[in-house]
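# Architecture at a glance
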Amino acid sequence: MSPDGSRVAYVNTTIDKNKHAYHSSIGVIPASGGEPRRFTSAAAKAHSPAWSPDGRWLAFISDREGEALPKDGP
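Everything numeric here is computed off the predicted structure, so don't read it as measured data. (Residues numbered from 1 in each chain as written. Predicted model: local features only at pLDDT ≥ 70, side-chain atom pairs only at ≥ 80, totals over all residues. Heavy atoms only, no water.)

As a further point, take the overall build of the protein. Within the protein, the regular secondary structure consists of zero helices and five strands. Taken from N to C terminus, the helices and strands of the protein fall in the order β-β-β-β-β. Out of the 74 residues in the protein, the part that is buried amounts to 19%. In the protein, once contacts between residues fewer than 6 apart in sequence are set aside, the share between residues at least 24 apart is 23%. (Helix = DSSP H or I, 4+ residues; strand = E, 2+ residues; numbered from the N terminus. Buried < 20%, exposed > 50% of the residue type's maximum accessible area, 1.4 Å probe, protein only. Contact = heavy atoms within 4.5 Å.)

Along the chain, the position of aspartate 4 falls in the segment before β1 (7-16). Counting along the chain gives 50 residues from aspartate 4 to aspartate 54, while the straight-line C-alpha distance between them is 8.2 Å. Looking at aspartate 4, its side chain comes within polar contact range of the side chain of serine 2, at 2.8 Å. A distance of 2.7 Å separates the side chain of aspartate 4 from the side chain of serine 6, its partner in a polar contact. (Polar contact = N/O pair within 3.5 Å; in protein donor to acceptor, adjacent residues only side chain to side chain.)

Here we take up the sheet that holds strand β3 (residues 37-38). Ordered in space as β1-β2-β3, the three strands form an open sheet in which the pairing is antiparallel. Edge strands, defined here as strands with exactly one partner in the open sheet, are β1 and β3. Pairing of β1 with strand β2 (residues 21-30) involves 10 bridges; the strand directions are antiparallel. Within the sheet, the bridge partner assigned to aspartate 16 lies in β2 and is alanine 21. (Pairing = 2+ DSSP bridges.)

In structure tokens:
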């Protein structure tokens, strides 16, 4: 639940029985009802959504790959 109580972040998990794998994505829906909005794709596993204290940001854990850092970068 977002800090102001207006939105709910949830994890949607699907199972691929043929590949013996699962995929999960994060969605956001208004607390009063309405259409859910996909926040992440199911191409990678995502879980543990957490709102920032001001409700502007939604953090989550994922196994997706990020951008590679340059060798001389931070």
